[in-house]
Every structure is written in C-alpha cells, then in structure tokens.
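A look at the structure
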Amino acid sequence: MRRRTWPWATLPTVLAVALAVLLSGCTGTGGGRDTPSGGPGKSRWQPRPGLAWQWQLDGKVDATAADVPVYDIDGFENDAGDVARLHRAGRKVICYINVGAWEDYRPDKDAFPRTVLGGPNGWDGERWLDIRRVSVLRPIMERRFDMCRRKGFDAVEPDLMEGYNDDTGFPLTARDQLRYNRMIAEIAHERGLAVGLKNDLAQIPQLVGVFDFAVNEQCAEYGECARLKPFIEAGKAVFHVEYTEPNGRFCPESRKLGLSSMRKKWELGTWRRAC
C-alpha cells in the first residue's frame with residue numbers, strides 16, 4: 001500500500017491559469033466538474049487543481065477529521081454508509097484499491113491464481129502481480145471497481161502502477177505497464193468513475209490524457225514535482241503528499257505549481273498538515 005517506487009499537448013502557463021479559472025466556475029460538489037463518461041446518462045467527476053483533500057487508509061474513515069472537499073479512503077474497509085455520510089457533508093470520495101500487488105488480507109485474495117503472484121514488495125502480506133496477464137487480472141479488477149461503484153464512490157485511486165521499475169519477479173517492461181494502466185483507466189471509466197494515475201511519473205506524457213487526476217507521494221523529497229505539471233496544465237488535480245519533508249520546504253513550490261499538497265504520517269491515519 002501507499003508507497004513510492006520509482007500529451008495531451010503542454011499548454012502555456014497563461015492558458016493553464018485561464019482553464020483553471022474557467023473550470024472553477026463550473027464546479028459541482030467537491031470542487032470538480034462532471035463530464036460525459038462511458039455510458040448513456042452517466043457522468044464522472046473531474047477534480048480541478050488546488051482542491052484540498054484528506055487521505056486516510058488506516059481503518060474506518062473519520063468523517064470529521066478534516067473539513068475538506070475530497071476524501072480518499074480504503075475501498076474494502078469502508079462501506080456504502082461511510083461514503084454516503086461523506087456525500088451528505090458535501091464531499092467527493094475516492095476509493096483506494098491496490099491494482100499492482102496481491103494482498104493476503106483482502107476478502108478476494110483467493111481469486112488470484114498463484115501463477116500471477118510475484119516476489120514480495122516490502123509490505124507484510126503483499127506480493128507483486130504479473131500485470132502482463134491482463135486476461136486474468138481484468139475480471140478481478142472489474143469486480144473491485146464494481147464494489148467501488150456499488151458503495152457510491154466518485155473515483156478510484158489505483159495503487160502500485162509502476163511495477164515495471166521494481167524487482168517484481170517478472171520481466172515487466174514500460175510497454176506492459178502502459179497497457180495495464182490504460183486498462184485500469186478504461187475499467188474505471190466504463191463504470192462512470194474518475195481515476196487517478198498513482199506516481200508513475202515517467203509515463204505521465206503518455207497517460208495524462210487517459211487519467212482524470214494524479215496522486216503522488218514524495219515528489220518534493222526527490223525533486224520531481226515539476227514532472228506533474230502536465231496534469232495541472234490540463235486542468236486536472238494533483239493530490240500530493242510528503243512524509244518526511246517539513247511543510248516549509250515543499251509548500252512554496254506546491255502552491256506555485258498548483259498541487260493539492262499536505263504532509264502525512266506513514267500510517268496514513270487522520271493526522272494531516274496541509275500547505
């Protein structure tokens with residue numbers, strides 16, 4: 001969970017600012033806009049740059065922990081009632097789902113054949129997935145995203161989308177990752193859900209047009225936040241978190257870039273310190 005592993009044409013800065021202003025006038029609940037999705041009568045949320053957010057993956061959500069328009073919470077550990085309470089408070093809700101690793105503590109763990117399980121990824125009970133096996137993994141991910149939709153989530157945060165840069169136990173390539181990530185976006189859009197690109201900075205130029213927003217960990221610590229500019233210039237939010245950097249060190253650049261930035265503790269509980 002929640003770790004860092006290692007275009008749409010770029011617009012001039014003036015156009016980017018103008019676009020962001022235009023979108024801010026067309027926002028609905030949760031500070032985004034609704035645009036047509038992959039089915040008649042459906043629409044999906046399009047979060048705009050600068051939205052404040054809360055990220056809580058440790059247990060049941062505390063809906064009173066932060067007065068912000070966007071909550072990102074665990075899709076398995078929270079139910080439709082939790083999502084509905086957040087909606088009643090005027091918030092948009094993102095469903096955290098791991099799409100790149102098997103987790104032995106999830107209720108659908110037995111749906112994954114042993115042949116798609118790779119090496120450990122450094123977190124207890126988790127193993128990398130062979131993302132080349134799309135015919136095997138797609139129906140599993142479809143069921144997970146169906147769960148997010150049934151519970152009423154507005155969007156999905158798919159985690160571990162850059163396994164090709166890690167020692168997974170499989171000879172994964174950048175092309176494998178692009179194919180898989182595009183498939184994940186397609187699954188979300190077919191269900192009327194917005195979807196974020198998690199980390200995977202190297203493939204932003206190829207994927208910014210496919211994803212509705214970005215989620216990033218530690219770009220300031222590694223001096224990489226400018227690589228997220230294509231999302232901001234496309235009028236798409238970048239939800240960003242740092243763990244060890246003090247706010248005074250990364251917030252000035254975050255504000256300049258238009259990122260939605262905060263500092264969190266590693267366990268991703270309720271504590272947050274926003275820019």
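You'll find the structure just up there.
So, a few notes on the structure that sits alongside this text. (Residues numbered from 1 in each chain as written. Predicted model: local features only at pLDDT ≥ 70, side-chain atom pairs only at ≥ 80, totals over all residues. Heavy atoms only, no water.)

One side chain can pair with another of opposite charge once the charged atoms of both are near each other. Tallied over the full model, the rule gives 21 salt bridges. Linking aspartate 82 and lysine 60 is a salt bridge whose minimum nitrogen-to-oxygen distance equals 2.7 Å. Of this pair, aspartate 82 sits in helix α2 (residues 80–88) while lysine 60 sits in the loop between β3 (53–56) and β4 (70–74), and the two are 22 residues apart along the sequence. Classification of aspartate 82 as buried rests on a relative accessible area of 5%. (Salt bridge = Lys/Arg side-chain N within 4 Å of Asp/Glu carboxyl O. Helix = DSSP H or I, 4+ residues; strand = E, 2+ residues; numbered from the N terminus. Buried < 20%, exposed > 50% of the residue type's maximum accessible area, 1.4 Å probe, protein only.)

With respect to topology, three strands assemble into an open sheet ordered β6-β8-β7, the strand pairing being antiparallel. Every interior strand has two partners, whereas the edge strands, β6 (101–103) and β7 (117–120), have only one. Each strand axis lies, on average, 40° off the axis of its neighbour in the sheet, ignoring direction. Sheet topology note: the β7/strand β8 (residues 126–129) ladder contains two bridges and is antiparallel. By the bridge assignment, leucine 117 is partnered in β8 with leucine 129. (Pairing = 2+ DSSP bridges. Axes fitted to C-alpha atoms, helices over the stretch in contact; angles between N-to-C directions.)

Quick look at unusual backbone geometry now. At asparagine 199, a residue that is not glycine, the phi angle is positive and equals roughly 55°. Tracing the chain through its elements places asparagine 199 in the loop between β10 (194–198) and α5 (204–207). Of note in this structure, glutamine 218 is not a glycine but carries a positive phi near 70°. Inspection of the secondary structure assignment puts glutamine 218 in the loop between β11 (213–217) and α6 (229–233). What makes glutamine 218 buried here is its relative accessible area of 5%.

Attention now moves to helix α3 (residues 134–150). Relative to the 24 Å expected for 17 residues at 1.5 Å per residue, α3 spans 23 Å between its end C-alpha atoms, a close match to the ideal helical length. By the burial criterion, the buried members of α3 are Val134, Val136, Leu137, Ile140, Met141, Arg144, Phe145, Asp146, Met147 and Cys148. Of the surrounding elements, those touching the buried residues of α3 are β5 (92–98), β6, β8, β9 (155–159) and α4 (174–190). In the segment just after α3, glycine 152 is the residue with positive phi, at about 95°. (Expected span 1.5 Å × (residues − 1). Contact = heavy atoms within 4.5 Å.)

Before going further, it helps to spend a moment on the sheet that holds β9. The nine strands lie next to each other as β3-β4-β5-β9-β10-β11-β12-β13-β14, forming an open sheet whose pairing is mixed. Looking at which strands have only one partner, the edges of the open sheet turn out to be β3 and β14 (273–274). This element, helix α7 (residues 247–257), spans β12 (238–242), β13 (260–263) and β14 of the sheet and lies at about 175° to β13.

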